[in-house]
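Chain by chain, the residues run as shown.
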Amino acid sequence: MAKKDYDALAKFVLDHVGGTENVVSLRHCVTRLRFKLKDESRADTEALENHEWIIDVIQKGGQYQVVIGNDVEDAFDAVMKLGKFAGSASDVSDVNDNEGKSAFDRIVDMISAILTPTIPLLAGCGIIKGLLAFCTAMKWLDSTSGFVQILSAAGDSLFYFFPIFLGYTSAEKFGMNKLLGMAIGATLVHPTIVGLKAAEPLFTLFEGTPIATNVTTTFLGIPVLMVSYTSSVMPIIAATFFGARVEKFFKKIVPDVVKMFVVPAATLSITVVLTLLLVGPVVTWISQLIAAGITAVQQFSPVLTGVLVGGLWQVLVVFGLHHAFTPIALNSLMVQGYENLTCYMAAVPFTTMAVVLAVYLRTKDKKLKSVALPAAISSFFGVSEPSIYGVTLPLKRPFAFTLVSSAVGGAILGFFGCMRYTQGGLGFFNIPAFINPASPELDMTFYGVFVALGVAMAMGFLLTFFFGVPAATAQSADDANVDADADVQIKQEVFVAPVAGEVVALEDVDDEVFASGSVGKGVAVKPSEGTIVAPADGEVTMLFKTGHAVGITTASGAELLIHIGIDTVQLDGRGFEAQVKMGDSVKQGQPLVTFDRDVLASEGYDDTVIFLVSNSASFQDVVRSQDASASTDRELLAVLV
């Protein structure tokens, strides 16, 4: 089977469920995409079922379920991205909605969703600006030449007119007319507004503070606080947030016969005036104070800041928290002209590459080698997730060495006072962003980047090569079998039942996907109690927030899936309580999840517990006990290695 192209799969799925306009909502569970469609008759079920990467299609309970398998999350992400569901005002939702999130998390998620569509263009424009700065600093190009000026205009276009672009993405997020959002942004950077900012001030508010603001004109006698909106981020987001509500109000009260032009006129006028008089200045002051606070922390100890950011960056990536720093970095760039926080992670992708290359050279495990080399190349260009999840994190020590070495790299960046002057690309393409376009000569704030990268890469490579690769993967299979006493291969691993009850053959389960064995070989148990325990020692590698499914990876590499009930994902966690969290090491018999059987029964759900080995194909066989009843202290399944 060819390697899965999730973007192609996403396009195929969306095309054959009737297009994005036919999708009301989308969620996913352990193995399947769960669509709610406006009209299921528009979906081409036969075509979907015949696709080589789709296991099955099930129409049940008002849901159109496309069964993908264990990699459903990758497919889900691709569909959400292609359908632009996550960043739009559509009704499409996933399992990672705002339920239970703090106000801060919601704000960060909102801003990240607005900025995410601009990131590729930001990187592209940043690369143009960085390369031009490098070439002019090296005297390869004349900064006054038409060549440089034209390309500089292209590189500056997004940054100068950023409010217009964010007006579009913000309006899309808040459910506003997108062209109206752009018009609000265009007003903020209109030459008249820019000219008023530069005019002779009538008086200055907060003079002598970081938020000193001139008043150069009035609106109906009200002083207008003139701040700079070119290259700004937060004012236009706040403006469209309020504008969307103004537009909604006028849509309700304006007669249909004049709604088409009265609503835009009224919304634009009121939103712009409100923004210039109040919203824009207040949000700008907040942005300036945040930028000043970050600078103060960095100036207190650049080295310590570098250690923390560089050393913890991949931890943030693992937990998905690194996205929260994007709006902070962009705000600093737009307010100050530079950013000195996320720049300290510049050594991380290169250190990761070096560590993974060391694993590649040291290991004799063919499977690990096949993963490591492309992952290292990916890291060079700034995409480190394949290295993290495919190599360093599973091996543990290389991940720790990456953190330590990246912390050293961050400390060196802080020592030399390195900072980014534009939103550059990732990895290799990030380097030109450290050139100060206002400085005619390159100094150690730029050359220090190479010192940091070199030291961090060398440290990570050497630590990993000599101490980071487990003996089991650093020798060939023939070497491993030379001494029988040193045999590290597991011939068989047995698993007790995760819950007590009556044993049910997997093929008799009332779920076509599990019953077919396409998700993996195993067994089912009709439970007599409401506690799920670990069937073996291992690590919790999957845990749904709903609590209805948990996965454990054992010493033999068996990926055990325990799914509580049929279609119980639809309970949204009611009746389930997880006793562990992702990444926990667990012992056989340790409680994993408790569930209320009465809740499941009252809601009409079958509480049968599915217990299977999802990567059954990796083993010679998966066998089950022939006992009619299951007990948590008695063997139920086994894998033959």
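Along each chain, the written sequence defines residue order, and numbers are assigned to residues from 1. Residue-level local features of this predicted model are given only where pLDDT is at least 70; pairs of side-chain atoms are given and counted only at 80 or more, and the full residue set underlies all totals for whole chains, interfaces and linings. By convention in this description, side-chain values take in all heavy atoms of the structure and omit both hydrogens and water.

1. Quick notes on the overall build of the protein
Right, so step 1: Helix and strand assignments follow DSSP, with helices taken as H or I runs no shorter than four residues and strands as E runs no shorter than two, numbered in order from the N terminus. Counting its secondary structure elements, the protein contains 22 helices and 21 strands.
Right, so step 2: Residues classed as buried in the protein amount to 48% of the 641 residues present.
Right, so step 3: Excluding contacts between residues fewer than 6 apart, the proportion of contacts in the protein whose partners are at least 24 apart in sequence is 70%.
Right, so step 4: Using a 1.4 Å probe, accessible areas were evaluated by the Shrake-Rupley method; residue-level cover was limited to the displayed protein chains. Surface accessibility of the protein: about 29,600 Å² in total, with carbon and sulfur atoms responsible for 61%. The buried label applies to any residue whose accessible area, calculated with a 1.4 Å probe on protein chains only, is under 20% of its type's maximum; exposed applies above 50%, and partly exposed to all values in between. The contact definition used throughout considers only heavy atoms, calling two residues in contact when any of these lie within 4.5 Å.

2. A look at the packing of aromatic side chains
Right, so step 1: Ring pairs are drawn from Phe, Tyr and Trp, using the six-membered ring of Trp, whenever the two centres fall within 6.5 Å, and their geometry is named by plane angle: stacked under 30 degrees, edge-to-face over 60, tilted for the rest. Under the defined criterion, the tally for this structure stands at 14 aromatic pairs.
Right, so step 2: Measuring from ring centre to ring centre gives 5.2 Å for F415 and F416, while their planes differ by 80°; the resulting arrangement is edge-to-face.
Right, so step 3: By relative accessible area, which is 61% here, F415 ends up exposed.
Right, so step 4: Among the residues examined, F416 registers a relative accessible area of 23% and is labelled partly exposed.
Right, so step 5: Centroid distance F446 to F450: 5.3 Å. Interplanar angle 80°. Geometry classified as edge-to-face. One end of the pair is F446 and the other is F450, both in helix 18 (residues 444-467) and 4 residues apart, which spans about a single turn.
Right, so step 6: Overall, the relative accessible area of 42% leaves F450 in the partly exposed class.
Right, so step 7: Through a chain of ring-to-ring contacts, the aromatic side chains of F350, F380, F428 and F429 assemble into a single cluster.
Right, so step 8: Our definition puts a charge over a ring when NZ of Lys or CZ of Arg is within 6 Å of the ring centre and also within 35 degrees of the ring normal. It is R362 that lies over the ring of F465; its NZ or CZ is 5.7 Å from the centre.

3. Comments concerning the confidence of the model for the protein
Predicted coordinates in areas of low pLDDT are best not read in detail.
Right, so step 1: Summarising the model, the protein shows a mean pLDDT of 84, and 88% of its residues fall at 70 or more.
Right, so step 2: Taken as a whole, residues 87-100 scores under 50 in pLDDT and shows 30 contacts with residues more than four places along the chain or in a different chain.
Right, so step 3: How sure the predictor is of each residue is captured by pLDDT, a score from 0 to 100. Here residues 476-490 scores under 50 on pLDDT; set against residues more than four positions off or in separate chains, the count is 11 contacts.

4. Comments concerning the packing of helix 1 (residues 6-16) against helix 3 (residues 72-82)
Right, so step 1: The convention used is that axes are lines fitted to C-alpha atoms, helices contributing only their stretch in contact, and that angles between N-to-C directions extend from 0 to 180 degrees. Across the interface, helix 1 lies against helix 3 with an axial gap of 8 Å and an inter-helix angle of 65°. Relative to helix 3, the element helix 1 is oriented roughly perpendicular. Regarding helix 1 and helix 3, the two cross each other, and that crossing is right-handed. Here Y6, D7, L9, A10, K11 and L14 of helix 1 come into contact with helix 3, specifically with D74, A75, A78, V79 and L82.
Right, so step 2: Asp, Glu, Lys and Arg are counted as charged, while Ala, Val, Leu, Ile, Met, Phe, Trp, Tyr, Cys and Pro are counted as nonpolar; the rest, among them Gly, fall into the polar class. The residue inventory of the contact of helix 1 with helix 3, partitioned by class, reads 8 nonpolar, no polar and 3 charged. Note on angle classes: values under 35 degrees are labelled roughly parallel, values over 145 roughly antiparallel, values of 65 to 115 roughly perpendicular, and the remainder oblique. Should the near helix be turned anticlockwise from the far one by less than a right angle, the crossing is termed left-handed; should it be turned clockwise, right-handed.

5. Re the environment of N22
Right, so step 1: Of note, N22 is situated in the loop between helix 1 and strand 1 (23-28).
Right, so step 2: We classify N22 as buried; its relative accessible area is 0%.
Right, so step 3: Residues N22 and K36, spaced 14 residues apart in sequence, show a C-alpha to C-alpha distance of 8.7 Å.
Right, so step 4: Sequence-distant contacts of N22, that is, excluding residues within four places in its chain, are made with V17, K36, L37, K38, D39 and R42.
Right, so step 5: Contacts described as polar in this section are N or O atom pairs within 3.5 Å, which, within protein, must combine one atom able to donate a hydrogen with one able to accept it, while residues neighboring in sequence count only if both atoms come from side chains. Among the polar contacts made by the side chain of N22, one reaches the main-chain carbonyl oxygen of V17 at a distance of 2.8 Å.
Right, so step 6: Within the structure, the side chain of N22 is placed 3.0 Å from the backbone nitrogen of D39, a separation counted as a polar contact.

6. Re the pattern of salt bridges
Right, so step 1: Whenever a carboxyl oxygen of Asp or Glu lies within 4 Å of a side-chain nitrogen of Lys or Arg, that contact is scored as a salt bridge. Counted by the stated rule, this structure contains 13 salt bridges.
Right, so step 2: Here K396 makes a salt bridge to E539, at a shortest N to O gap of 4.0 Å. Of this pair, K396 sits in the loop between helix 16 (385-395) and helix 17 (397-415) while E539 sits in strand 12 (residues 538-543), and the two are 143 residues apart along the sequence.
Right, so step 3: Relative accessible area serves as the criterion here: at 28%, E539 is assigned to the partly exposed category.
Right, so step 4: The residue D607 makes a salt bridge to R597 at a minimum N-O spacing of 3.5 Å. With a gap of 10 residues between them, D607 in the loop between helix 22 (597-602) and strand 18 (609-613) and R597 in helix 22 connect regions that are remote in the sequence.
Right, so step 5: Look at D607 and you get buried, because its relative accessible area is 8%.
Right, so step 6: Through salt bridges with shared partners, a single network forms among K526, R597, D606 and D607.

7. Quick look at the sheet that holds strand 12
Right, so step 1: By definition, two strands form a pair when at least two bridges between them are found by DSSP. If you walk across this open sheet you meet the 8 strands as 16-12-13-14-18-10-9-20, and the pairing is antiparallel. Of all the strands in the sheet, the pair left with one neighbour each is strand 16 (585-586) and strand 20 (629-630).
Right, so step 2: Bridge analysis of strand 13 (residues 549-553) against strand 14 (residues 559-564) gives 5 bridges, and the strand direction is antiparallel. In the sheet register, I552 faces strand 14, and the bridge partner there is L560.

8. Structural notes on the nonpolar core
Right, so step 1: Within this scheme, the nonpolar core is defined by two criteria: the residues are buried Ala, Val, Leu, Ile, Met, Phe, Trp, Tyr or Cys, and they are joined through side-chain atoms within 4.5 Å. Core analysis: the largest hydrophobic core is formed by 38 residues, its most contacted members being L115, F162, L166, V233, I236, I237 and L276.
Right, so step 2: Take this core: its biggest share by element is 6 residues, from helix 10 (residues 234-253).
Right, so step 3: Residue contacts for L166: discarding those within four places in its chain leaves I114, L115, T118, A171, S232, V233 and I236.
Right, so step 4: Grouped together as the second largest cluster of nonpolar side chains are 34 residues, A497, V523, V525 and L600 included.

9. Side note on the sheet that holds strand 21 (residues 635-640)
Right, so step 1: Pairing is antiparallel across the open sheet formed by 3 strands, whose spatial order is 8-21-19. Across the chains shown, the open sheet's two edge strands, defined by having one partner strand only, are strand 8 (492-496) and strand 19 (621-624). Pairwise comparison of adjacent strand axes, ignoring direction, gives a mean angle of 20° for this sheet.
Right, so step 2: For strand 19 and strand 21, the ladder comprises 4 bridges, and the chain directions are antiparallel.

10. Thoughts on the packing of helix 7 (residues 162-174) against helix 10
Right, so step 1: The geometry of helix 7 relative to helix 10 is characterised by a closest axis approach of 9 Å and an angle of 40° between their N-to-C directions. Relative to helix 10, the element helix 7 is oriented oblique. Between helix 7 and helix 10 the crossing geometry is right-handed. Where helix 7 approaches helix 10, its residues P163, L166, G167, S170, A171 and F174 are matched on the opposing element by I236, I237, T240, F241 and A244.

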